[in-house]
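Examination of the molecular architecture
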Amino acid sequence: MVQLTDLDEFASQVTEFFKKAIATAYPQEERSNQLTPEEKETELQWLYIEDKAETLIGRDRELRMLLDYAQQTPELNLEQIDGSDNPSIRETSQWDLEENDNQLCFVVAEGGWGKTALLARLVHQACEDGHNVFYHFVGSTASSRSHDNLLQRLIMALAEDPADRRLSDPEATTDTLKGHLRTVLSSCRHKGKKMLLVFDGLNELDNNETVQHLSWLPPALPPNLRCVVSANMAHSPTIARLHEHPAVQVTLGALDRGALMELASNYLERFGKKLDLTQLQTLVDISKVNNPQWMMWMCEELRIFGDFRMMDKKLSEMPDTMEDFLQLLLKRLLYEDDTGCIKKTLCLTACSQRGLPSDHILQILGEINDKRECPQLHWAQARRILKPYIRTIQDSTHAEEFITFNHETMWKAVRRSFLEQEETTQWHKQLADFYEFWCKKEELRTNDLPFHLLKAGLRKRLVQFLRTDPDSAQIPAYQRSNFLNEIRCFGFSDTHMAGTKEIRLCHLCSLKSGSFHPGMRLPNKHCCLLCGGMCMQSESAARLCNFHALRENPAPFVFACHLCKMHIFQNQTGPLAGTPALLCHFCSLGMKRCCAIENSDD
């Protein structure tokens, strides 16, 4: 009978062997610590591009058209977009344009039809051909959805002069960055630097529902620059912005039968699986599949199907629309969810801003009120089942990893199937509770907690966090203003409207500091009543609408101090007269709105 001894020493030797092997195979850690955030972002996006470029099957014609456009071929067989008669966002007057400037090229298609894979192959091929390429793939990293991040990277790429590179200021506002972009584009026009610009997934930028969405995108580019962008045709605001000016367009249609069957064969072959020709034809015909993402997800369902003898029956039962297939898929996932961890992961990921931080996933999926983590076995089982539908992305700034969906279509399916309004509020509350009461990382709390408090309707907690929590001092003034404006009264409070009143601070409260901003050391009288930012005396005065003026100051000639509620009489002079509260330029933009905060929790 064999007896083994000295197993502890053997285990140590095995551990050291694997440590050395991993260090030899992946020697990037030391180098990554020396990279700037911009270099890390570029490297992470390149890894994403390499992965996506390998999945492209078919689309040879479209790829050739885009390569011809990148190489500035005189005659292009591309669809021409005439542009609208009255562009509202990408105004020509804001840009230094000339008659021979290049039109932009748009790639549009429905979700899952291969836009990202096509543009990834374009970037990969253009780099191999020696082109100077700038790329930004929205959704490839945690920070890639930020339009400010996109603008800063673009300015850095276009600027040759070190003085121009300083224009990419991390603290600059969007309007300032747009001005810097115009400056470097003008500089490129005269220096003749050739470059191909590629932007994928513009409909997924973080400001895609705002009025200023894509206002930074020039109507045309200098002759030495070419630009290819992609967008989901289902997102009408993005398509409307793109079509404001003349451009060329590539519209992706359905894949042909041969490409779809090749895609299925390649996917299954990676796992040692195979369908015969008849089964492949049945899969294409019965399901009416027409795009690569749908096909890959169906192949995944076939891959995990246990009984090959029943494969023909399984193929015959495939739904004939992608929506019905996703419903069937989600039902199967819930059926296998013995612990509830799968549904929790899907719903929380769908409600998150940029994904769930992977280092804290056990806490997020656990019992937050009791601070009891989810068992590692439960998460391991959930992650194994969800692997084809989620992925991990990195934040190049804070070296944080986030778990998110690998495609927008799955995100939409989860929201459509599981997230009614009331249930969505509860998931946001769960995330808000985690970030506020359990998470110790300042960056995560400042970036995510206000968002989830707002979405959960926890207005009182939002105001308290922004005005008292030291971590909130790191939130920029314009973001603080945006959060508080969401819960601000929509009533009018113009000085010419009867019944409206200005807001005053008593003499003592006006000299205190930090009442509106935990990091502000200036007296309250020099701070914005809403966001707590610094104000000059010339800034707008804060006022209340008729309703809030009557509720907070019932007497016609009496004011109540906004902070301590002490009465201030209108005919008093000197320090007893109090000080008018002010609004900064962020909070005073637009119409004259009431400054009362509706901070009662929904």
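Another aspect to go through is the nonpolar core. Counting residues in each nonpolar core, the largest one holds 104 residues, and the members touching the most others are Met295, Leu333, Leu346, Trp379 and Met410. Residues in contact with Met410, not counting those within four places in the same chain, are Trp297, Leu326, Leu329, Leu330, Tyr389 and Phe405.

Position of His147 among the secondary structure elements: in helix H6 (residues 147–158). Separated by 3.4 Å, the side chains of His147 and Asp148 make a polar contact. Non-local contacts of His147, meaning those with residues more than four positions away in its chain, are made with Thr174, Leu205, Asp206 and Asn207.

Turning next to the sheet that holds strand E1 (residues 79–81). The strand order across the open sheet built from six strands is E1-E6-E2-E5-E4-E3, with neighbouring strands paired in mixed fashion. If you trace the sheet from one side to the other, it starts and ends with E1 and strand E3 (133–137), each paired once. Recorded for the sheet is a direction-independent mean angle of 20 degrees between the axes of neighbouring strands. Pairing geometry for strand E2 (residues 105–109) and strand E5 (residues 225–232), over five bridges, is parallel. When the sheet's bridge partners are listed, Ala109 is paired in E5 with Asn232.

Applying the stated criterion across every chain yields a total of three cavities of 30 Å³ or more. Size it by volume and the largest cavity reaches roughly 90 Å³. When its residues are assigned to classes, the lining of the largest cavity shows seven nonpolar, one polar and three charged. What the second largest cavity holds in volume is close to 40 Å³. Along its surface, the second largest cavity is lined by Leu154, Leu181, Leu185, Leu197, Phe199, Trp216, Leu217, Pro218, Leu221 and Cys227. Only helix H8 (174–191) and strand E4 (195–200) provide two or more residues apiece to the lining of the second largest cavity. Taken together, the residues of the lining of the second largest cavity break down into ten nonpolar, no polar and no charged.

About the thresholds
- Residues numbered from 1 in each chain as written.
- Predicted model: local features only at pLDDT ≥ 70, side-chain atom pairs only at ≥ 80, totals over all residues.
- Heavy atoms only, no water.
- Core = buried A, V, L, I, M, F, W, Y, C linked by side-chain atoms within 4.5 Å.
- Buried < 20%, exposed > 50% of the residue type's maximum accessible area, 1.4 Å probe, protein only.
- Contact = heavy atoms within 4.5 Å.
- Helix = DSSP H or I, 4+ residues; strand = E, 2+ residues; numbered from the N terminus.
- Polar contact = N/O pair within 3.5 Å; in protein donor to acceptor, adjacent residues only side chain to side chain.
- Pairing = 2+ DSSP bridges.
- Axes fitted to C-alpha atoms, helices over the stretch in contact; angles between N-to-C directions.
- 1 Å grid on protein atoms, 1.4 Å probe; cavity = no way out; pocket = protein on both sides within 12 Å on 5 of 7 lines; lining within 4 Å.
- Points joined across faces, edges and corners; volume = space filled by probe spheres on them.
- Nonpolar A, V, L, I, M, F, W, Y, C, P; charged D, E, K, R; others polar.

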